Number of protein chains: 2
Amino acid sequence: MELTKIMGFKPRNIGYYKKAFTHRSLNKKDEEGNAINFERMEFLGDAMLSAVIASHLFKEVPGGNEGYLTKMRSKIVSRKHLNELGRDLNLIKYIQTNISKDQFGVNIHGNLFEALIGAIYLDRGYRYCKKFIYERVIEPYVDIEQLEGTVISYKGLLIEWCQKEKKNFSYEVYEDTGIDELKHFAVKLRIEDRVVAKARATSKKKAEEKASKRAYYALQNKIEPS
Amino acid sequence: MELTKIMGFKPRNIGYYKKAFTHRSLNKKDEEGNAINFERMEFLGDAMLSAVIASHLFKEVPGGNEGYLTKMRSKIVSRKHLNELGRDLNLIKYIQTNISKDQFGVNIHGNLFEALIGAIYLDRGYRYCKKFIYERVIEPYVDIEQLEGTVISYKGLLIEWCQKEKKNFSYEVYEDTGIDELKHFAVKLRIEDRVVAKARATSKKKAEEKASKRAYYALQNKIEPS
């Protein structure tokens, strides 16, 4: 099952995952008349995500005070960021719904991502939940220096240069799982239709950043102010 | 050590607990110059508390939607409630500080309670953290029906009756741990200087409520509208 590639381990009780992808439009109810859909699971997933990120930041940034840790966590679990995570994994593909997928707003991606975390917690407990969050959120996306804005983005640098030099550029991203346990993304960075760099990572963002960095060093003489 | 009675298990690394009771006024720093005090641990404890309460509510109230679960959690982890929990356990007794304990505001109790949860997480992981929260928050304090306001408080009923009947009453609460693994509280409820009920529980609130309920049934004929 494809979900196994996304999670990196096998589900035990598939029922939780079915629920995590059931939209309220199906109007499903259990025997007691309780609604069956992913909305309650979002609540649970959000709480687990916040806890795991809190513990990561606590250990990772021993010099950060309470205010700093709170601010950094907000950046990581922002709606925008969660939507990006859910969209990259194409979770919407698994949704069970009575309404057309086009009608969903952008938040559906983040909501499904949170619900999936909730399902993992119910299915396999905190330890697997933490493992999933490390593999799908922290390792691919959480770069403290970049969140702080103290490190520049190579993608930003590259785009700036292309615009200044009036060069066409494109990032072609595709899923490239290969034999890996986890789903991966590959990217080809083209400038003026020539592939100048390739990269592969567990998130689109990271793959793009990696390719940009490679291109940056390859083109360094051209990019640096003369 | 007394902390063992509060937690119900032995600490492994006492260093975490020392930190959880170190006030910033001591101005302690580690070798890298990072501040050593309980403020960062509050952040961690708060996150763990929120996660455990979320999971409890999720399982306990299958009919509650996201909004309901969020509201109930806010009630449970409210500042007022956390202060009550920390004060009942007399955590302030363990604080290491350079300023006088009288100078602390009421929030010190809740802050220490959160920091203690953070220390437990670091020392023994999520499982013990959850166990502690069940024993010290959920079992003694979390009564969903009472939180919803759908069940009346026996203490409230009793006080109302005493006031109407112009009777003096008092709740005498004291720590009464005995041979239990966990710290307990005992209460004597006096009306007109006569002990009308006694009770014992893991929180002051629960002990008072238990004694009130016993007194309520003992005095039922007098309390119910004639």
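Residues numbered from 1 in each chain as written. Chains lettered and ligands numbered in written order. Predicted model: local features only at pLDDT ≥ 70, side-chain atom pairs only at ≥ 80, totals over all residues. Heavy atoms only, no water.

1. Regarding the packing of helix α8 (residues 154-164) of chain A against helix α9 (residues 204-218) of chain A
Residues and elements named next belong to chain A. Where α8 meets α9, the axes come as close as 8 Å, and the angle between the chain directions of the two elements is 55°. The angle between the axes of α8 and α9 places the two elements in the oblique class. For the element pair α8 and α9, the recorded crossing hand is left-handed. Mapping the contact onto sequence places Tyr154, Lys155, Leu157 and Leu158 in α8 and Glu208, Glu209, Ser212, Lys213, Ala215, Tyr216 and Tyr217 in α9. Here the residues of the contact of α8 with α9 sort into six nonpolar, one polar and four charged. (Axes fitted to C-alpha atoms, helices over the stretch in contact; angles between N-to-C directions. Helix = DSSP H or I, 4+ residues; strand = E, 2+ residues; numbered from the N terminus. Parallel < 35°, antiparallel > 145°, perpendicular 65-115°, else oblique. Left-handed = near helix turned anticlockwise from the far one by under 90°. Contact = heavy atoms within 4.5 Å. Nonpolar A, V, L, I, M, F, W, Y, C, P; charged D, E, K, R; others polar.)

2. As for the relation of the copies chain A and chain B
Screw-axis analysis of chain A against chain B gives a translation of 0.0 Å along the axis, an RMSD of 0.1 Å, and a rotation angle of 180°. These values place the two chain copies in the arrangement generated by a two-fold rotation axis. By C-alpha distance to the rotation axis, the residue of chain A lying nearest is alanine 51 of chain A, at 3.1 Å. Looking at the interface residues of chain A, 100% of them are also at the interface in chain B, so both copies use one shared face. (Least-squares fit on C-alpha atoms with pLDDT ≥ 70 in both.)

3. Quick word on the sheet that holds strand β1 (residues 169-175) of chain B
Residue and element names in this part refer to chain B. A sheet is described by the order of its strands in space; here three strands give the open sequence β1-β2-β3, paired in antiparallel fashion. Single-partner strands in this sheet number two, and they are β1 and β3 (194-201). Strand-to-strand, the axes of this sheet are offset by a mean angle of 20°, without reference to chain direction. Where strand β2 (residues 185-191) and β3 come together, seven bridges link them in antiparallel fashion. By the bridge assignment for β3, valine 187 is matched with alanine 199. Helix α9 (residues 204-218) rests against β1, β2 and β3 of the sheet, and its axis sits at about 135° to β3. (Pairing = 2+ DSSP bridges.)

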